[in-house]
Amino acid sequence: MKDYIATVVKNERIAENIHAVTFALEEKPRVRCGQFGDIFVGGTHLLRRPIAVCKVDGKEVTFCYQIKGEGTQKLKEMGTGTKLKVLMPLGNGFFVEETEKKVALVGGGVGVFPLISVLRQYAGEKEISAYIGYRNAGAVCGVDEFEKADKFVAVTDDGSYGEKMNAVQAFAKDLEKGNRPDVVLACGPTPMLRALKAVTEKENLPCFVSLEERMGCGIGACLVCVCDLTNGRKARVCKDGPVFNANEVTL
Amino acid sequence: MANLSVNICGVQLKNPVIAASGTFGFGREFNELYDIGTLGGVSTKGLTLEPRLGNPVPRIAESRGVILNAVGLQNPGVEHFIEYDLEWLKNTGTCVIANVAGKTLDDYYGICAKLDGKVDMIELNISCPNVKSGGMAFGIKPETVEEVSRVAKNGAKNTPLIVKLSPNVESIAENAKAAERGGADAISLINTLTGMAIDIERRRPIIANNTGGVSGAGVKPIAVRMTYEASQAVKIPVIGMGGITCAEDAIEFLMAGATAVQVGTANFTDPFAMPNIIAGLNAWCDRHGVRNISELTGTLVLNGK
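A quick note: this is a predicted structure, and the numbers were derived from the prediction, not measured.

Here is what the cut-offs are and how they apply
Numbers given to residues run from 1 along each chain, matching the order in which its sequence is written. Each chain gets a letter, beginning with A, and each ligand a number, beginning with 1, in the order they are written. Totals for whole chains, interfaces and linings use all residues, but because this is a predicted model, local features are given only for residues with pLDDT of at least 70 and pairs of side-chain atoms are given and counted only at 80 or more. The way it works is that DSSP assigns letters per residue, a run of H or I at least four long becomes a helix, a run of E at least two long becomes a strand, and they are numbered from the N terminus. The size measure is the radius of gyration over C-alpha atoms, and the globule rule it meets is 2.2 Å times the number of residues to the 0.38 power. Labels follow a simple rule on C-beta atoms placed from the backbone: if 20 or more others lie within 10 Å of a residue's own, it is buried; if 12 or fewer, it is exposed; otherwise it is partly exposed. An automatic or database domain assignment supplies the residue ranges for each domain. Contact between two residues is assigned whenever their backbone-derived C-beta positions fall within 7 Å. Each residue gets one label: Ala, Val, Leu, Ile, Met, Phe, Trp, Tyr, Cys and Pro are nonpolar, Asp, Glu, Lys and Arg are charged, and the others, such as Gly, are polar. Two strands form a pair only when DSSP identifies at least two bridges running between them. Interaxial angles span 0 to 180 degrees and are taken between N-to-C directions of axes, which are lines fitted to C-alpha atoms, for helices over the stretch in contact. Angle categories: roughly parallel below 35 degrees, roughly antiparallel above 145, roughly perpendicular from 65 to 115, and oblique for all the rest. Left-handed describes a crossing in which the near helix is turned anticlockwise from the far one by less than a right angle; the clockwise case is right-handed. The score called pLDDT rates the predictor's confidence residue by residue, from a low of 0 to a high of 100. Put simply, a nonpolar core is a cluster of buried Ala, Val, Leu, Ile, Met, Phe, Trp, Tyr and Cys residues tied together by C-beta atoms within 7 Å.

S.K.: Explain the overall build of chain A to me, using residue names and the numbers behind them.
M.R.: The helix and strand inventory of chain A stands at 5 helices and 15 strands. The C-alpha radius of gyration computed for chain A amounts to 17 Å, which stays within 12% of the reference 18 Å derived for 251 residues, consistent with globular compactness. In terms of overall dimensions, chain A has a C-alpha envelope of 50 × 40 × 30 Å along the principal axes. Of all 251 residues assigned to chain A, the portion counted as buried reaches 50%.

Shown next, in the form of structure tokens:
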């Protein structure tokens, strides 16, 4: 974990309301898939923006983000050459066990981007199937990356790109056909994760989900971004997560 | 190199910069970034007698220049702290200030008694609802400020007691005096100001608790004014806080009457805020020919005087 001075090398729109910013860091960071960075946007914003790492390429790191409020709007306006601080890598990230050969990625919304980092880390080593749900054709992004998976199923809520269904339905449909993974890794809106957990619990499949929550410090000190565990305790999304075993977390 | 050390009720701090409660846990996470033994002190995450799970999420929101939080005192309980964190925190070499909270006077007595003699100082969070007075915070009225200070001091007989004042009051000077009368060895201020931020799309407050404590750069002028008023009202040392982001901010508080300062929200904006402030204090003192930073305390002269 280091507070890098990051220089914007590229910052562009990749889909409706979604932008990708690539920073050049002072050195190559050691990042595990599913980890995130806490981006300082400056001005009157006292909180950083925790955003999942999408790609690492040498000293360059790419984050994809949805324009949601003033902070991400400000990030969007940062031109090439702008320098800002990025504290990273943060959180635990996704791990695939040696024995798990077949990996299913289930993602929706901005949750698709940490899954790209999984794909990039494990491509070639594991047999990866990606089930990705978008709102509509305009929201489709990351296709060039997901096409590197052994199987890529893209679906939309309105059927304007791929079949009309959500990512969990696409995954469940394939599961019914007998395409059973050893582990499921997922990121997306909570209702999506909840629906997925219902499927993986029934099928007795290991499933790991990456959660999102409003954060304070980003390093586990302030206890702002907690989630409920099934054992009645709380966990810190930023430090104990953002990736949790679906069986251990209340969604 | 100026002498940055300060003395608060007999406790020597390496420098006047203390991590504010609730923003720093028990120090372990920030210690992964830098040696927290270099800090003047660490005020722990608010401790209660029993473990607490805190409020539902979201617990934080942002507004221009400030943040709002309502964590709800999530903590593992004082015994867990004593068993698992205290020794580690002491070994870092920083001054350990246990921040404590309660719902009843008995809670305050009990937790202070448990920590007495084990920590360098105890800081009393009196912004908690008093279950016996219909939920009004202990820290609002001078009478309850005095009462809770007295009860806590009875528990903390051998440990300097800092009473952390709430700014959501009629007179900060009266409450400061009340804490002093109750036996406080020092006061700290300000705790957060109560606020609300609304998600206009959902027409609901952003924070699950509806209201939250406002902190950060934007509250600094209020905090400086209150630090001045409180320090004029009492003889005991004052620890100032509220929106401190850089060394120059800290110096304002010292001049207003503080002996030391606490830094909270700035730790979120820049995890190295405190080491940077300490370095900045040194540089400022050198530039201004200040040999001992303690010389700055209360040197403010009001206009027209």
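S.K.: Describe the domain arrangement of chain A, with residues and values.
M.R.: Residue and element names in this part refer to chain A. For chain A, the assigned domains read domain 1 (2-90) and domain 2 (102-210). Facing 12 residues of domain 1, the contacting portion of domain 2 comprises 13 residues. At the level of secondary structure, the elements contributing two or more residues to the side of domain 1 that touches domain 2 comprise β1 (2-15), β4 (49-57) and β5 (60-66). The element contributing the most residues to the side of domain 1 that touches domain 2 is β4, with 4 residues. Counted by class, the side of domain 1 that touches domain 2 contains 8 nonpolar, 2 polar and 2 charged residues.

S.K.: Explain the pairing of strand β6 (residues 66-69) of chain B to me, using residue names and the numbers behind them.
M.R.: Residues and elements named next belong to chain B. In β6, alternate side chains face the same way, and those of Val-66 and Leu-68 on one face and Ile-67 and Asn-69 on the other are all buried. Note: strand β5 (residues 60-63) against β6, 4 bridges, orientation antiparallel. Looking at β6, one finds that Glu-62 is bridged to Ile-67. Where β5 folds back on β6, the antiparallel hairpin that results is connected by 2 residues, among which Gly-65 adopts a positive phi of roughly 80°.

S.K.: Describe the packing of helix α5 (residues 142-155) of chain B against helix α6 (residues 172-182) of chain B, listing the residues and the values that go with them.
M.R.: Residues and elements named next belong to chain B. Close contact between α5 and α6 brings their axes to 7 Å; oriented N to C, the two are set at 30°. The angle between α5 and α6 places the two elements in the roughly parallel class. Every pair of crossing elements has a handedness; the one defined by α5 and α6 is right-handed. Here Pro-142, Val-145, Glu-146, Glu-147, Ser-149, Arg-150 and Lys-153 of α5 lie close against α6, whose contacting residues are Glu-174, Asn-175, Ala-178, Ala-179, Arg-181 and Gly-182.

S.K.: Describe the environment of B:Gly93, and please don't skip the residues or the numbers.
M.R.: Residue and element names in this part refer to chain B. Here Gly-93 is to be found in the loop between α3 (86-91) and β7 (95-100). Residue Gly-93 is classed as partly exposed on the basis of its 13 C-beta neighbours within 10 Å. Separated by 157 residues in the primary sequence, Gly-93 and Ala-250 have C-alpha atoms spaced 22 Å apart.

S.K.: Explain the interface of chain A and chain B to me, using residue names and the numbers behind them.
M.R.: The interface is formed by 22 residues belonging to chain A together with 30 residues belonging to chain B. Looking at the side of chain A that touches chain B, its residues break down into 13 nonpolar, 4 polar and 5 charged.

S.K.: Summarise the sheet that holds strand β11 (residues 193-195) of chain B; cite the residues concerned and give the values.
M.R.: Residue and element names in this part refer to chain B. Across the sheet, 4 strands lie side by side as β5-β6-β14-β11; this open sheet has antiparallel pairing. Looking at the sheet topology across the chains shown, the edges are occupied by β5 and β11. The sheet shows a mean angle of 35° between the axes of neighbouring strands, direction not considered.

S.K.: Quick one: what's the story with the confidence of the model for chain B, residue by residue and with numbers?
M.R.: Low pLDDT means the predicted coordinates in that region are not meant to be read closely. Overall, the predicted model of chain B reaches an average pLDDT of 96, with 99% of residues at or above 70. Our summary of model confidence lists the complex with pTM equal to 0.96 and ipTM equal to 0.95.

S.K.: Which residues make up the packing of helix α8 (residues 247-256) of chain B against helix α10 (residues 273-287) of chain B, and what values go with them?
M.R.: Residues and elements named next belong to chain B. The interhelical angle for the contact between α8 and α10, taken along N-to-C directions, is 70°, at an axis separation of 8 Å. By the criterion of interaxial angle, the relationship of α8 to α10 is roughly perpendicular. The handedness of the crossing between α8 and α10 is right-handed. Where α8 abuts α10, its residues Ala-247, Ala-250 and Ile-251 lie against Ile-277, Gly-280, Leu-281 and Trp-284.

S.K.: Lay out the nonpolar core with the relevant residues and their values.
M.R.: Of all hydrophobic cores here, the largest spans 183 residues; its most connected members are A:Leu105, B:Ile122, B:Ile162, B:Ile187 and B:Val261. Residue contributions to this core reach at least three from each of two domains, namely domain 1 (2-90) and domain 2 (102-210) of chain A. Apart from the residues within four sequence positions on either side, B:Ile162 is in contact with B:Ile97, B:Met121, B:Ile122, B:Glu123, B:Leu124, B:Ala184, B:Asp185, B:Ala186, B:Ile187, B:Ser188 and B:Ile239.

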